[in-house]
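# Architecture at a glance
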Amino acid sequence: MSSVSVGIGPTPVEVPPVVYALASRLWSGATVVPVWRNEYGGLTVRLEAGGACRSSYLKWVPDGAPCPDPLAEADRLVWAASFVPVPRVLDVGRGPHGSWLLTAAVEVRGTPATSAIEPRWRALAARSAMAVGAGLRRFHDGLPTDTCTFVRTAQTRVAALSAVPTGLPSTADRTTTAVAVDAPPPVDRAVVCHGDATVSNTLLDQAGQFAAHVDVGDLGVADRWSDIAVTTRSVTRRYGPGLEPLVLAAYGVAPDHERTTYYRALWDAEEAVRIRTRVTPVGEPTWRAGRRGR
Ligand SMILES: Nc1ncnc2c1ncn2[C@@H]1O[C@H](COP(=O)(O)OP(=O)(O)OP(=O)(O)O)[C@@H](O)[C@H]1O
Ligand SMILES: [Mg+2]
């Protein structure tokens, strides 16, 4: 068993045979290093070829996992790469048990960029929080809404939730949270949003400055607060309390309690559905390709 991060804590995970087989087909002879297992059944490994050849990242998503489709993510990466720093797509495909995305490791001046969730960036939490906020602003400023064909407004998300049994929080839940998920606040500023703008999806360079974003499978035009609300909460969860004002200052926006509360509640409603429908995480002893539910 190798050790791989799920959230903050390293968790033992066994790379399933289907991922080894895929890795050896895509990058023959590469060493497979598990990097990240998501909450819904997906696994990302780094392929290290050695020598002058650089590393790549292989994300594998088993059939039925409630994660964005790697093919949809590849489309978004290819489009966004003209405007903002994101990984270069090397390969993407679908197999009998799942889908995958292979991207080139992001480098800055020849040195690998690393996720802002890594311990060394958590140890410099205030600085890293500002880098995450500045990176999000760069993403929003860099991508043009007029040529973006991807849409992820609150209305489309609410419609998707409504299509799932008990996807929308019940009236009783609404009373508890005081948020009507099916009544979004007016749009502050429509931008191309990342869709999952968390600490772990932000890469920093060796100096701790923003380098790139990964994991853009939910990219689409939406109110900028749908990202900002998620980013600030992720910084609190990953780095600790008290840093949200730094993220907002680095982004360059005043706090907006109403939109922040709304977009967090919308995220939580979607998360509840994802957790209900996730497949057994890969690498668990009971893992079988394509197994649904829990
Ligand atoms: N091209 C790349 N260059 C550098 N690091 C990468 C690259 N692709 C992925 N990573 C690393 O692998 C991790 C997992 O990749 P990714 O975020 O795409 O997976 P995920 O399972 O969709 O994540 P999540 O749990 O956020 O849904 C990233 O957080 C990042 O640390
Ligand atoms: Mg991610």
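Calculation notes
All chains use their own residue numbering, which begins from 1 and follows the written sequence. Chain letters start at A and ligand numbers start at 1, both assigned in the order the entries are written. For this predicted model, a pLDDT threshold of at least 70 governs which residues receive local features, and a threshold of 80 or more governs which side-chain atom pairs are given and counted, while totals over whole chains, interfaces and linings are taken from all residues. Values shown for side chains rest on all heavy atoms present in the structure; no hydrogens or waters enter the calculation. Between N-to-C directions, angles cover 0 to 180 degrees, with each direction set by a line fitted to C-alpha atoms, over the stretch in contact for helices. To qualify as a helix, a DSSP run of H or I must reach at least 4 residues; to qualify as a strand, a run of E must reach at least 2; elements of each kind are numbered from the N terminus. Roughly parallel refers to an angle under 35 degrees, roughly antiparallel to one over 145, roughly perpendicular to one between 65 and 115, and oblique to any angle outside these ranges. In this analysis, two residues are considered to be in contact whenever any of their non-hydrogen atoms come within 4.5 Å of each other. When residue character is reported, Ala, Val, Leu, Ile, Met, Phe, Trp, Tyr, Cys and Pro are called nonpolar, Asp, Glu, Lys and Arg charged, and the others, Gly included, polar. Stacked, edge-to-face and tilted are the three classes for Phe, Tyr and Trp ring pairs, Trp counted by its six-membered ring, which pair at centre distances within 6.5 Å; planes under 30 degrees apart are stacked, over 60 edge-to-face, the rest tilted. Here's how the labels work: a residue is buried when its accessible area is under 20% of the maximum for its type, exposed when over 50%, partly exposed in between, all with a 1.4 Å probe on protein chains only. Here, a charge over a ring means that NZ of Lys or CZ of Arg falls within 6 Å of the ring centre while also lying within 35 degrees of the ring normal. Any two strands with at least two DSSP bridges between them are considered paired. Being near a molecule or strand, for a residue, comes down to having at least one heavy atom within 4 Å of it. The definition of a polar contact used here is a pair of N or O atoms within 3.5 Å, where within protein one atom must be able to donate a hydrogen and the other to accept one, and adjacent residues in sequence count solely through side-chain atom pairs. Only the protein chains shown count as cover for residues, and all accessible areas are computed by the Shrake-Rupley method using a 1.4 Å probe. In these notes, a set of buried Ala, Val, Leu, Ile, Met, Phe, Trp, Tyr and Cys residues joined through side-chain atoms within 4.5 Å is what counts as a nonpolar core. Put simply, a salt bridge is a Lys or Arg side-chain nitrogen that is within 4 Å of an Asp or Glu carboxyl oxygen. For Na, K and Ca the donor cutoff is 3.2 Å, while for all other metals N, O and S atoms count as donors only within 2.8 Å; water does not appear among the atoms, so some sites may look incomplete.

Taken N-terminus to C-terminus, the directions of helix 7 (residues 225–239) and helix 9 (residues 257–277) make an angle of 80°; their axes are 8 Å apart at the nearest point. The orientation of helix 7 with respect to helix 9, classified from their angle, is roughly perpendicular. Between helix 7, through Trp225, Ser226, Ala229, Val230, Thr232 and Arg233, and helix 9, the contact on the second element is made entirely by Arg259, Thr260, Tyr263, Arg264, Trp267 and Asp268. Class assignment of the residues belonging to the contact of helix 7 with helix 9 gives a composition of five nonpolar, three polar and four charged.

What follows is about the packing of aromatic side chains. Enumeration according to the criterion identifies three aromatic pairs in this entry. Seen from their ring centres, Trp79 and Phe83 are 5.3 Å apart, and the 55° between their planes marks the pair as tilted. We classify Phe83 as partly exposed; its relative accessible area is 38%. Members of the aromatic cluster, each reached through a chain of ring pairs, are Trp79, Phe83 and Phe150. Positioned above the aromatic ring of Tyr251, the side-chain terminus of Arg137 is 4.8 Å from the ring centre. It is Arg274 that lies over the ring of Trp267; its NZ or CZ is 5.1 Å from the centre.

Attention shifts here to the sheet that holds strand 12 (residues 202–204). Spatially, 10-12-13 is the arrangement adopted by the three strands of the open sheet, whose pairing is antiparallel. Across the chains shown, the open sheet's two edge strands, defined by having one partner strand only, are strand 10 (114–115) and strand 13 (210–213). For strand 10 and strand 12, the ladder comprises two bridges, and the chain directions are antiparallel. Within the sheet, the bridge partner assigned to Thr114 lies in strand 12 and is Leu204. Each of strand 12 and strand 13 touches helix 4 (residues 125–142); the most contacted strand, strand 13, lies at about 55° to it.

As a further point, take the site of ligand 1. Taken together, 18 residues form the shell around ligand 1, and within it Trp36, Lys59, Ala104, Ser200 and Asn201 come nearest. Asn38 places a side-chain nitrogen or oxygen 2.9 Å from an oxygen atom of ligand 1. Side-chain polar atom of Thr103 to a nitrogen atom of ligand 1: 3.0 Å apart, as the coordinates give it. Relative to its free-state accessible area of 620 Å², ligand 1 is covered by the protein chains to the extent of 90%. Among the secondary structure elements, those contributing two or more residues to the shell around ligand 1 are strand 3 (31–37), strand 5 (56–62) and strand 7 (98–104). Among the residues making up the shell around ligand 1, the classes are represented as nine nonpolar, six polar and three charged.

By size, the foremost hydrophobic cluster in this structure holds 19 residues, and its most contacted members are Val181, Ile228, Tyr262, Tyr263 and Leu266. If you list the elements that add at least two residues to this core, you get helix 5 (154–162), helix 7, helix 8 (244–251) and helix 9. Broken down by element, the residue count for this core peaks at six residues, all from helix 9. If near-sequence neighbours (up to four positions away) are discounted, Tyr263 is found in contact with Ala154, Arg157, Asp223, Trp225, Ser226 and Ala229. Among the nonpolar cores identified, the runner-up in size contains 16 residues, and Ala23, Leu26, Ala30 and Val45 belong to it.

If you check which residues of helix 2 (residues 70–80) are buried, you get Pro70, Glu73, Ala74, Arg76, Leu77, Trp79 and Ala80. Contact partners of the buried residues in helix 2: strand 5, strand 6 (89–94), strand 7 and strand 11 (190–193). For helix 2, the N-terminal capping position is held by Asp69, with its side-chain oxygen 3.0 Å away from the main-chain nitrogen of Leu71.

On to the pattern of salt bridges, then. Oppositely charged side chains may form a pair once their charged atoms are brought near each other. Using the criterion set out here, one finds 16 salt bridges in the structure. Across the salt bridge formed by Glu107 and Arg54, the nearest N and O atoms sit 2.7 Å from each other. Taken as a pair, Glu107 in strand 8 (residues 107–108) and Arg54 in the loop between strand 4 (43–48) and strand 5 lie far apart in primary sequence, 53 residues in all. Using a relative accessible area of 52% as the deciding quantity, one classes Arg54 as exposed. Through salt bridges that share partners, Arg152, Arg157, Asp218 and Glu270 make up one connected network.

Time to look at the coordination of the magnesium ion (ligand 2). Angles at a metal have ideal values that depend on geometry: 109.5 degrees with four tetrahedral donors, 90 or 180 degrees with six octahedral donors. Taken together, Asn201 (OD1) and Asp215 (OD) make up the protein donors of the magnesium ion (ligand 2), found 2.0 to 2.2 Å from the metal. With Asn201 in the loop between strand 11 and strand 12 and Asp215 in the loop between strand 13 and strand 14 (220–223), the pair connects residues that are 14 residues apart, well separated along the chain. By the burial criterion, Asn201 is buried, and Asp215 matches it.

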